[in-house]
Amino acid sequence: LFDFKIIVGKNGVPVAENFRLEQSKIADTIQAGQVRVRTLYLSVDPYMRCRMNEDTGSDYLLPWQLSEVADGGGIGVVEESKHDSLAKGDFVTSFSWPWQTVAILDGSLLQKLVPQLVNGHLSYFLGAAGITGLTALLGIKEKGHVAVGANQTMVVSGAAGACGSLAGQIGRLEGCSRVVGIAGTDEKCSILVQEMGFDAAINYKKGNVAEQLRELCPGGVDVYFDNVGGDISDTVISQMNQNSHIILCGQISQYNKDVPYPPPLPPDVEKIQKERNITRERFLVLNYMDKQEASVLQLCQWIQEGKLKVRETVVEGLANIGAAFQSMMNGGNIGKQIVSVSK
């Protein structure tokens, strides 16, 4: 199982060497209410960067502790159960799954999964049909003010990532007439347009982003799904329309810096935001868990109907989870970054 060494200080880039793999023993027997599970899939996500500081800057995230087992979204199969609602062979998930090959968990903290809802792709429950999909769908519904027939243009930054690749598609399904993505490679841009139905995509590492945005969004930007913050977001905000909306999902360009969340805008960009009455409110999907069940069913229906295309970047083996995390933070993934622990 992994145990974790905290990076010293709030600034700095996380690397695979911040994690170490250890062999350990778990109890031979389980207690009433517990289950023993074998881990199938683990998720690595940008928010975990915040957990690498003793001061996470968040009121809902606890820091990982030095030399304790790290945890996050995970899926496994029950191998032994002393919980009334779970049986051997059941597939289960948790947002606080330990990074271990085998674990003994409190059955009441696990959610039972129905593989048929995602056409048998269990790992989708960590992404498109899990917290990632919920973040994209509820972010658009709660903060995007998207309306069918309103001829709205949506721009998505970090568009080829786990959340961004879903957000653009959901924006279209919810009624946006034009969706433009911003990503970091030509391959990612091609996938967004050819596979995921984006109208266009900008490689921010090539050419002038502001000029390309003006060309691709001639009527301005009405909805901005912001995954990155920083210079890219400043450029998009400068081209947003009066009474438009920013869905503040993530700020990955700022996560390795000691700044408050959400990071303040530069004065000139903040002036534009205020003058144009652009909403920019913190969005936290955990505040909308009363809508979780219906939203997951909607996501699963779109997946089953082929309306929501899902991409995953899968790394094999628990020993490689640190490298997978480092790669994801550097944009090495297309779609959701998944670690396959066992079959």
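About the criteria used
- Position numbers for residues start from 1 in each chain and track the written sequence from start to end.
- Since the coordinates come from a predicted model, pLDDT governs what is reported: local features require at least 70, and pairs of side-chain atoms require 80 or more to be given and counted, while whole-chain, interface and lining totals use all residues.
- Excluded from the side-chain calculations are hydrogens and water; all other atoms, namely the structure's heavy atoms, are used.
- Each helix is a run of DSSP H or I of at least 4 residues and each strand a run of E of at least 2, with the numbering of both proceeding from the N terminus.
- Only protein chains enter the accessibility calculation, which uses a 1.4 Å probe; a residue whose area is less than 20% of its type maximum is buried, one above 50% is exposed, and one in between is partly exposed.
- Every residue pair with non-hydrogen atoms within 4.5 Å of one another is taken to be in contact.
- For accessible areas, the Shrake-Rupley method is used with a probe of radius 1.4 Å. Any residue's cover is judged against the shown protein chains and nothing else.
- When a carboxyl oxygen of Asp or Glu is within 4 Å of a side-chain nitrogen of Lys or Arg, the pair counts as a salt bridge.
- Throughout, disulfides are identified as pairs of cysteine sulfur atoms within 2.5 Å of each other.
- Residues belong to a common nonpolar core when they are buried Ala, Val, Leu, Ile, Met, Phe, Trp, Tyr or Cys residues joined through side-chain atoms within 4.5 Å.
- Where each domain begins and ends follows an automated or database-derived domain assignment.
- In this analysis, the expected span of each helix is defined as 1.5 Å times one less than the number of residues it contains.
- It is the directions from the helix axis to the C-beta atoms whose arc is reported.
- Aromatic pairs are defined between Phe, Tyr and Trp rings, using the six-membered ring for Trp, whenever the two ring centres lie within 6.5 Å; interplanar angles under 30 degrees are classed as stacked, those over 60 as edge-to-face, and all others as tilted.
- A pair of strands is labelled paired if DSSP reports no fewer than 2 bridges between them.
- Seen with the strands pointing away from the viewer, any crossover whose path from the first strand over the helix to the second strand runs clockwise is right-handed.
- Per residue, pLDDT captures the predictor's confidence, and it can take any value from 0 to 100.
- A fitted line through C-alpha atoms represents every axis, and for helices the fit uses only the stretch in contact; the resulting angles, taken between N-to-C directions, go from 0 to 180 degrees.
- Counting of polar contacts relies on pairs of N or O atoms within 3.5 Å, with two restrictions inside protein: one atom must be capable of donating a hydrogen and the other of accepting it, and residues adjacent in sequence are counted only when both atoms are side-chain atoms.

## Details of the overall build of the protein chain
For step 1, the next point in the chain: Of the regular secondary structure elements, the protein chain holds eight helices and 15 strands.
For step 2, the next point in the chain: Put simply, the protein chain has 343 residues, and 52% of those count as buried.
For step 3, the next point in the chain: Of all intrachain contacts in the protein chain linking residues separated by at least 6 positions in sequence, the fraction that spans at least 24 positions is 68%.
For step 4, the next point in the chain: Counting only carbon and sulfur atoms, one obtains 48% of the accessible surface of the protein chain, whose full area is about 15,400 Å².

## A closer look at the pattern of salt bridges
For step 1, the next point in the chain: Tallied over the full model, the rule gives 14 salt bridges.
For step 2, the next point in the chain: The partner of Arg172 in a salt bridge is Asp199, and the shortest N-O contact between them spans 2.5 Å. Placement of Arg172 in helix H2 (residues 162–174) and of Asp199 in the loop between helix H3 (186–194) and strand S10 (200–203) is noted, with a sequence separation of 27 residues between them.
For step 3, the next point in the chain: Note on Arg172: relative accessible area 29%, which makes it partly exposed.
For step 4, the next point in the chain: What makes Asp199 partly exposed here is its relative accessible area of 33%.
For step 5, the next point in the chain: In this structure, Glu316 engages Lys343 in a salt bridge whose closest nitrogen and oxygen atoms are separated by 3.5 Å. Linking Glu316 in strand S14 (residues 312–316) with Lys343 in the segment after strand S15 (336–340), this pair joins segments that are 27 residues apart in sequence.
For step 6, the next point in the chain: According to the relative accessible area criterion, Lys343 is exposed, its value standing at 72%.
For step 7, the next point in the chain: A single network of salt bridges, built from pairs that share partners, joins Arg36, Arg38, Glu79 and Glu80.

## What to know about the state of the cysteines
For step 1, the next point in the chain: Within this structure, the stated rule accounts for zero disulfides.
For step 2, the next point in the chain: No disulfide involves Cys163; its sulfur sits 3.8 Å from the nearest other cysteine sulfur, which is in Cys249.

## A closer look at the nonpolar core
Here is a general trend for soluble globular proteins: nonpolar side chains tend to be buried in one another's company.
For step 1, the next point in the chain: Ranked by internal contacts, the top residues of the largest apolar core, which has 48 residues, are Ile140, Ile170 and Phe225.
For step 2, the next point in the chain: Secondary-structure elements contributing two or more residues to this core are strand S4 (71–81), helix H1 (131–144), strand S8 (153–157), H2, strand S9 (178–183), H3, strand S11 (221–226) and helix H7 (292–305).
For step 3, the next point in the chain: Counting only domains with at least three residues in this core, you end up with domain 1 (2–127 + 311–340) and domain 2 (131–286).
For step 4, the next point in the chain: Contact partners of Phe225, with chain neighbours within four places excluded, come to Thr135, Ala136, Ile140, Val155, Val156, Ser157, Cys163, Ala167, Ile247 and Cys249.
For step 5, the next point in the chain: Counting 22 residues, the second largest nonpolar core, distinct from the first, contains Val92, Trp97, Ala103 and Leu318.

## Quick notes on H7
For step 1, the next point in the chain: Over its 14 residues, H7 runs 20 Å from end to end, which matches the ideal 20 Å to within 8%, given 1.5 Å per residue.
For step 2, the next point in the chain: Considered for burial, the residues of H7 that qualify are Ser295, Val296, Leu299, Cys300, Trp302 and Ile303. Projected down its long axis, H7 carries its buried residues within an arc of 160°, all on one side. Opposite the buried face of H7, at more than 90 degrees from it, the exposed residues are Glu293 and Ala294.

## Examining the packing of aromatic side chains
The geometry of an aromatic ring pair is captured by the separation of the ring centres together with the interplanar angle, meaning the angle of the planes.
For step 1, the next point in the chain: Inspection of the entire model under this criterion finds one aromatic pair.
For step 2, the next point in the chain: With a centroid separation of 5.6 Å and 20° between ring planes, the pair formed by Phe283 and Tyr288 is classed as stacked. Both residues of the pair, Phe283 and Tyr288, count as buried.

## Let's talk about the pairing of S14
For step 1, the next point in the chain: Note that S14 and S15 share five bridges and pair parallel. When the bridges of S15 are listed, Val315 appears paired with Val339.
For step 2, the next point in the chain: This β-α-β element, S14 to helix H8 (residues 321–329) to S15, shows right-handed connectivity.

## Quick word on the confidence of the model for the protein chain
For step 1, the next point in the chain: Mean pLDDT for the protein chain: 89, with 88% of residues reaching 70 or above.
For step 2, the next point in the chain: A low-confidence stretch, residues 1–9 (pLDDT under 50), is modelled with 47 contacts involving residues beyond four sequence positions or located in other chains.

## Notes on the sheet that holds S9
For step 1, the next point in the chain: Spatial ordering of the open sheet is given by S10-S9-S8-S11-S12-S13, a layout of six strands whose pairing is parallel. Among the strands making up the open sheet, the edge pair consists of S10 and strand S13 (279–282). Between one strand and the next, the sheet's axes are offset by a mean angle of 20°, whatever the strand orientation.
For step 2, the next point in the chain: Bridge count between S9 and S10: four bridges; the pairing is parallel.

## Things to note about the side chain of Gln100
For step 1, the next point in the chain: Within the secondary structure, Gln100 is located in the loop between strand S5 (91–98) and strand S6 (102–106).
For step 2, the next point in the chain: On the accessibility criterion, Gln100 (12% relative accessible area) is buried.
For step 3, the next point in the chain: A polar contact of 2.8 Å, which involves the side chain of Gln100, links it to the backbone oxygen of Val102.

## Here's the deal with the side chain of Ser233
For step 1, the next point in the chain: The residue Ser233 is located in helix H5 (residues 230–237) in this model.
For step 2, the next point in the chain: Judged by its relative accessible area of 2%, Ser233 falls in the buried class.
For step 3, the next point in the chain: A polar contact of 3.1 Å, which involves the side chain of Ser233, links it to the backbone nitrogen of Gly229.
For step 4, the next point in the chain: If near-sequence neighbours (up to four positions away) are discounted, Ser233 is found in contact with Tyr224, Asp226 and Val228.

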